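Here is what each chain is made of, one letter per residue.
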Amino acid sequence: MKGLCISPYKNYSSIHGTCNNGAAILTNCFHRNNINYPTHRSLPNIKLFSARWLKISCSASALSAAVVGEVEEKREIFDVEKARSLVKELQGVFNSGRTKSYEWRISQLNSISKMLDEKEKDITSALYKDLSKPEIEAFVSEISTAKASCKHALEELSSWMVPEKVQTSISTYPSSAEIVTEPLGVVLVISTWNFPFLLSIDPVIGAISAGNAVVLKPSEIAPVTSKLLAKLLDEYLDNSAIRVVEGAIPETTALLDQKWDKILYTGSAKVARIVMAAAAKHLTPVILELGGKCPAVVNSDINLQVASRRIIAGKWALNNGQACIGVDYIITTKEFAPKLIDSLVNEIEKCYGKNPLESKDKARIVSSSHFGRLVKLIDEDKVSDKIVYGGQRDENQLLIAPTIILNPPEDSEIMKDEIFGPIMPILTVDTIEDSFGVIKSRPKPLVAYLFTNNEQLKKSYVKNISSGGMLVNDTVLHLTVKGLPFGGVGESGMGSYHGKFSFDGFSHKKAVMYRSFDGDAPIRYPPYTPEKAKLFKVLISGNPLRVFLTFFGFV
Amino acid sequence: MREYYRSGATKEASWRKSQLKALLNLLEENQSEIFKALKQDLGKHHAEAYRDEIGMLIKSLNYALANLKQWMSAKKAKLPAIALLSTAEVIPEPLGLVLIFSSWNFPFGLSLEPLIGAVAAGNTVVLKPSELAPTCSSLLASTISTNLDNKAVKVIEGSSDMGTLLLQQRWDKIFFTGSEKVGRTVMSAAVKYLTPVVLELGGKSPAVVDSLQSSWDRQAAVKRLVVGKFGTCAGQACISVDYILVERKFLPTLVELLKATIWKMFGENPKKSNSIARIINKQHFLRLKNLIEDDPLVKASIVHGGSMDDDSLFIEPTILVDPPLEAQVMTDEIFGPLLPIITLEKIEDSIEFINSRPKALALYVFTKSKTLQNRLISETSSGSVTINDAVLQYAADSLPFGGVGESGFGRYHGKYSFETFSHEKAIARRSFLSDFWFRYPPWNHNKVQLFQAAYTYDYLGILLIILGLKWPNQSSRHHDALF
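Residue indices follow the written sequence of each chain, beginning from 1 at its first position. As they are written, the chains are lettered A onward and the ligands numbered 1 onward, keeping that order. Owing to the predicted nature of the model, reporting of local features is limited to residues with pLDDT of at least 70; listing and counting of side-chain atom pairs is limited to 80 or more, with chain, interface and lining totals taken over all residues. Excluded from the side-chain calculations are hydrogens and water; all other atoms, namely the structure's heavy atoms, are used.

Residues and elements named next belong to chain B. For the pair helix H2 (residues 13-29) and helix H4 (residues 46-72), the least separation of the axes is 10 Å and the interaxial angle reads 170°. Put simply, H2 runs roughly antiparallel to H4. On the side of H2, the interface is formed by Ala13, Arg16, Lys17, Leu20, Lys21, Leu23, Leu24, Leu27 and Glu28, while H4 contributes Ile54, Leu57, Ile58, Leu61, Asn62, Ala64, Leu65, Leu68 and Met72. By the convention adopted, Pro, Cys, Tyr, Trp, Phe, Met, Ile, Leu, Val and Ala count as nonpolar, Lys, Arg, Asp and Glu as charged, and the other residues, Gly among them, as polar. In terms of residue class, the contact of H2 with H4 is built from 13 nonpolar, one polar and four charged. Lines fitted to C-alpha atoms define the axes here, with helix axes fitted over just the stretch in contact, and angles between the N-to-C directions of these axes take values from 0 to 180 degrees. In this text, helices come from DSSP runs of H or I with a minimum length of four residues, and strands from runs of E with a minimum of two, each type numbered from the N-terminal end. The scheme is simple: roughly parallel for angles under 35 degrees, roughly antiparallel for over 145, roughly perpendicular for 65 to 115, oblique for anything else. Residue contacts are defined here by distance: any two heavy atoms, one from each residue, within 4.5 Å place the two residues in contact.

What follows is the structure, given as structure tokens:
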């Protein structure tokens, strides 16, 4: 037993992952730990206690393992039964109230922050293996964004958690009221492969901030990152309440069969329907972060070079176009199109050189099936003769060169679905206002971009176009603004997150009203005599508020 | 209707105001017809009808009219220093064409309250009232078509077949009030077009009644309990008190007071009093009857009332003490004038009792103890909590109204109705002024180092650099950086 107690964490996790009794003992152990918090909190180095915590839990679970007397196999098939017992176990932990405390939330967020600091290299290398994402791109778009999100939550959590006092109207006088945020319970986060780290950890940060128990299911299409997430979350976080389930369709199906208190899904509209249908069975609310064809309307009154670069940053330098918020296609005027294409080509070559297939600065296509899908899009008969730039590919390395297509027909495959790759169709219109009709004739996108200096055009774009978010004169950067909600509308999804919106998304806003026993008028209660009815009638003709005053005893 | 929405007419503030005013007119001009319809469908006394439906709506409409401008205005997002040359804001925009399913127990309130939100948010709306309150349904249809812009607001009457038909269409939001079972059907149908839904369901809303010391407090509490159960459409309300939790030693006092209060409010023969609504239809009447008749143990637990009249669909206010917990009366939402009282050793046991059941739409707590109040608020979960009163939270415009877990999701009333029927569009604007070479590929070692160096010293710094707002301490600034 003693030997087990000082055994490394690896043992701890494998034991714990399969042992329910362990969890019960752990629960007590964490409770004790929580009580000690005030002293921990006063320590200058807040990171200290997560390490101590792990040690305590390590010994506790080792102890329980000795009690149970067996250590199960690490990898087992994750079926409906397993999923059920997992949810049940987490429900128990949630009901114990541990995850609700401010201290628990902060300690977990601190651990995430620590993990991001210490494991940066591991994360970038996993992302390189899965997507050959350039180190700097991985750092900027995934790690730093996750860090920002975590830091923001750490700074703001105490203010988010404060109940919101609201004014009560005269109709319920005398009373006071507030809105208390409470965690929902056990939530499921299903993430995706294109930003496999960020899109996993960011919702988890939100779920933890709100005090929930979480199960994360990363995408099997980015297997190295998925494995790393499972390992790191197990190592750094309280895994009696935070778990990672790896796997593909069978595992996801088993998970979706369970009753969750909220599901956040990032991915395609097709799978979203499966998720929502499963959620409907248990009346589980869902947040669906989908994509769609995000248009960029480019007017001629712009700084062309800057605009071109920003479009590149929002397409090819963003996971090589494999991003839900990337620019999907451009709309510009007939006259301006040649200039825009020249400038784009010029800037693309500055970024990736004359032979872009050789550039190491782009992510590759994630899988051969996606590669095949994209190649089919550009090889379609009515499209292939519209290629004005690029089109080269390398099947072995899963690379496709930045490709520009001018005016593909409306009914071509490339204009039907989200492209999710390094191909940029450019549609031309007579006047720039005609672009509105093009966008409105399609499902609502996640983001709509606009490049112009014309204030009037900006105004009418904002007013007329419905999309999840909007960014004028840049791409993607609105993601970094914590004060903005991130989420879609219509086909691009429902619900939003980021910053406080994540917190709210994983919380229930409980309305609480306080009344005293004073202040009651007989008119509120039956029997409804003719006199009472008459009084109402009189009052109805006057100020309706007075009727309420009367009801509740103040006239 | 989609065409009409696209024309943009409903987005204008003037249109929204005119429709809200038209609704106000509708309520004021057709008051007596509404009273009559409610009397006919539900036997609701017009004082109750005014208190719970018409008056409530007039109040909501005035509130919406007074606040609409503020709700519609863009909210500037708080921007961190990094976004110096940018602006960001959140603009509420209408969703498009929305569908409202309302319920029969408050046929006007539950139809028009969401309608106010949908119209205030600038949507086109289809309202499907419940066919179980037919007089109200047809009155809604006729008055709305004459008073409101009927290119944008339509009432479609019909049975559940019509409901199914409507659900097959594409909507931008579905707002449903009703039962859990139908809620599942609605959400499953919404999957086809990924339509967001709001489900306003019910559940067993408990009232925790502490052993109150002063007789004034006791009487006030019991009056509020009785009106929160029998006085709100005879308990046929999603927020009415479903059952009471009380300490064993307080039970006799409570039962005596309840009996006395019922007698005072509804008289010796409640059937003859006009002050209590009847059961909506035969089916629901039988369901309630069976709750009692099917289980002899339940029947034996009746301590007051229990008489039923098949002809007038009337059920007397009925009190049950400690019916078996596994009986249907304690597992399903009662939705009628049966009030079970469950006794506990200590009132604190109520927390565990509540937590072992599905989350309720409302929790009512009658106590003067701050500790008990706080414990119940923080240790149990429900759509809302009302301390020392019942049902009244429905009237508070400043509080969100909605469930959690089995009692539904999404919320409305006041500003929340507006938000429910709006999409909050995030908008960020940038100028072409500042940009740096290192934001773009080709990536080289220098750029990586720059990011990392900046990162190790100051996290904000790196974002500043990415955004092109801060000069790095490097000599390479003469590159093609500045525009």
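Residue and element names in this part refer to chain B. Think of it this way: DSSP has to see at least two bridges between two strands before they count as a pair. Pairing is mixed across the open sheet formed by six strands, whose spatial order is E5-E4-E3-E6-E7-E17. Single-partner strands in this sheet number two, and they are strand E5 (153-155) and strand E17 (408-409). Where strand E7 (residues 197-200) meets E17, two bridges bridge the pair, whose relative direction is antiparallel. Residue pairing for E17: Leu199 is matched across the bridge by Phe409.

This brings us to the nonpolar core. Here is a general trend for soluble globular proteins: nonpolar side chains tend to be buried in one another's company. Grouped together as the largest cluster of nonpolar side chains are 131 residues, with contacts concentrated most on A:Leu288, A:Ile330 and A:Tyr449. With eight residues, the top contributor of residues to this core is helix H9 (residues 135-161) of chain A. The residues contacting A:Ile330, other than those within four sequence positions of it, are A:Ala296, A:Val298, A:Ile311, A:Leu340, A:Leu344, A:Met424, A:Pro425, A:Ile426 and A:Leu427. B:Leu38, B:Leu57, B:Phe266 and B:Leu339 belong to the second-largest nonpolar core, a separate cluster that totals 101 residues. We call a set of buried Ala, Val, Leu, Ile, Met, Phe, Trp, Tyr and Cys residues a nonpolar core when their side-chain atoms join them within 4.5 Å. Each residue is assigned to one of three classes by its accessible area relative to the maximum for its type, calculated with a 1.4 Å probe on protein chains only: buried under 20%, partly exposed between the two thresholds, exposed over 50%.

We now examine the confidence of the model for chain B. All names here are of chain B. Predicted confidence across chain B gives a mean pLDDT of 86, with 87% of residues reaching 70 or more. The quantity known as pLDDT measures the predictor's confidence residue by residue, on a range of 0 to 100. Considering only residues more than four positions removed or in separate chains, one finds that residues 80-84, a stretch of pLDDT under 50, has 10 contacts. Here residues 453-462 scores under 50 on pLDDT; set against residues more than four positions off or in separate chains, the count is 16 contacts.

All names here are of chain A. When the UniProt feature table is mapped to this numbering, "active site" (unreviewed entry) covers Glu289 and Cys324. The largest pairwise C-alpha distance within this set of annotated residues, which runs over 36 residues, is 8.8 Å, so the set is compact in three dimensions. Along the chain, Glu289 turns up in strand E7 (residues 286-289). Residue Glu289 is classed as buried on the basis of its relative accessible area of 3%. Setting aside its immediate chain neighbours within four residues, Glu289 contacts Tyr265, Thr266, Gly267, Phe486, Gly487, Gly488, Ser492, Gly495, Ser496 and Tyr497. UniProt positions are given in the numbering used here, feature names are shortened, and annotations may be inferred rather than shown by experiment.

Turning next to the environment of A:Phe94. Residues and elements named next belong to chain A. Residue placement: Phe94 occurs in helix H6 (residues 80-95). Since its relative accessible area comes to 7%, Phe94 is described here as buried. Each C-alpha atom of the pair Phe94 and Leu184 lies 9.5 Å from the other, and the pair is 90 residues apart in sequence. Residues within four places of Phe94 in sequence aside, it is in contact with Thr99, Lys100, Pro183, Leu184, Gly185, Val186, Gly211, Asn212 and Ala213.

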